[in-house]
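Structure at a glance
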Amino acid sequence: MAAVFESTIKMAQDSREDWYIELRDLFENKTEICADLQEYSKKIEELGKAYDGNIEVRWTKDLNVPPYVMDGIRFEMSKLQRELEDEIGEPLIKGN
């Protein structure tokens, strides 16, 4: 059984541009705050080591996260995925 991490995109207080990701390990009831995707990537790797990388990530977002912020995050996630795939030499998500 995989460990479950919950990743929630949230807006910074009183900001329409600044966002962060709240990363929660539901088994350990531990929460990390990540200012960007690079920090998120490092934190999820660190937390995942305790479970030998056997993790499930559930993504959510707060209702106040505007679509243009989500578009920017999706673009950055796609870019990060391509970089990781180039680094390891294979797709991260394998087709059926």
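What comes next is a walk through the structure. (Residues numbered from 1 in each chain as written. Predicted model: local features only at pLDDT ≥ 70, side-chain atom pairs only at ≥ 80, totals over all residues. Heavy atoms only, no water.)

Before going further, it helps to spend a moment on helix α2 (residues 67–88). Since the α-helix advances by 3.6 residues per turn, residues separated by three or four positions end up pointing in the same direction. Along its 22 residues, α2 runs 31 Å from first to last C-alpha, staying within 8% of the 32 Å computed at 1.5 Å per residue. Of the positions making up α2, those classed as buried are V69, M70, I73, L80 and E85. Seen along its axis, α2 keeps its buried residues to an arc of 135°; they face one direction. Residues of α2 that are exposed and point more than 90 degrees away from the buried face comprise P67, F75 and D86. For α2, the secondary structure elements touched by its buried residues are β1 (3–11), β2 (19–25), α1 (37–49) and β4 (55–61). (Helix = DSSP H or I, 4+ residues; strand = E, 2+ residues; numbered from the N terminus. Expected span 1.5 Å × (residues − 1). Buried < 20%, exposed > 50% of the residue type's maximum accessible area, 1.4 Å probe, protein only. Arc of directions from axis to C-beta. Contact = heavy atoms within 4.5 Å.)

Take the side chain of T8 next. Examined against the element boundaries, T8 turns out to sit in strand β1. Residue classification places T8 among the buried residues on the basis of a relative accessible area of 7%. Setting aside anything within four residues of it in sequence, one finds T8 in contact with Y20, I21, E22, T60, K61 and D62.

With that settled, the discussion passes to the sheet that holds strand β3 (residues 30–34). Strand order in the open sheet formed by four strands is β3-β2-β1-β4, with mixed pairing between adjacent strands. Lying at the two open borders of the sheet, with one neighbouring strand each, are β3 and β4. Within the sheet, the average angular offset between the axes of one strand and its neighbour, ignoring direction, is 20°. Where α2 meets the sheet, it contacts β1, β2 and β4, and its direction lies at approximately 135° from that of β1. (Pairing = 2+ DSSP bridges. Axes fitted to C-alpha atoms, helices over the stretch in contact; angles between N-to-C directions.)

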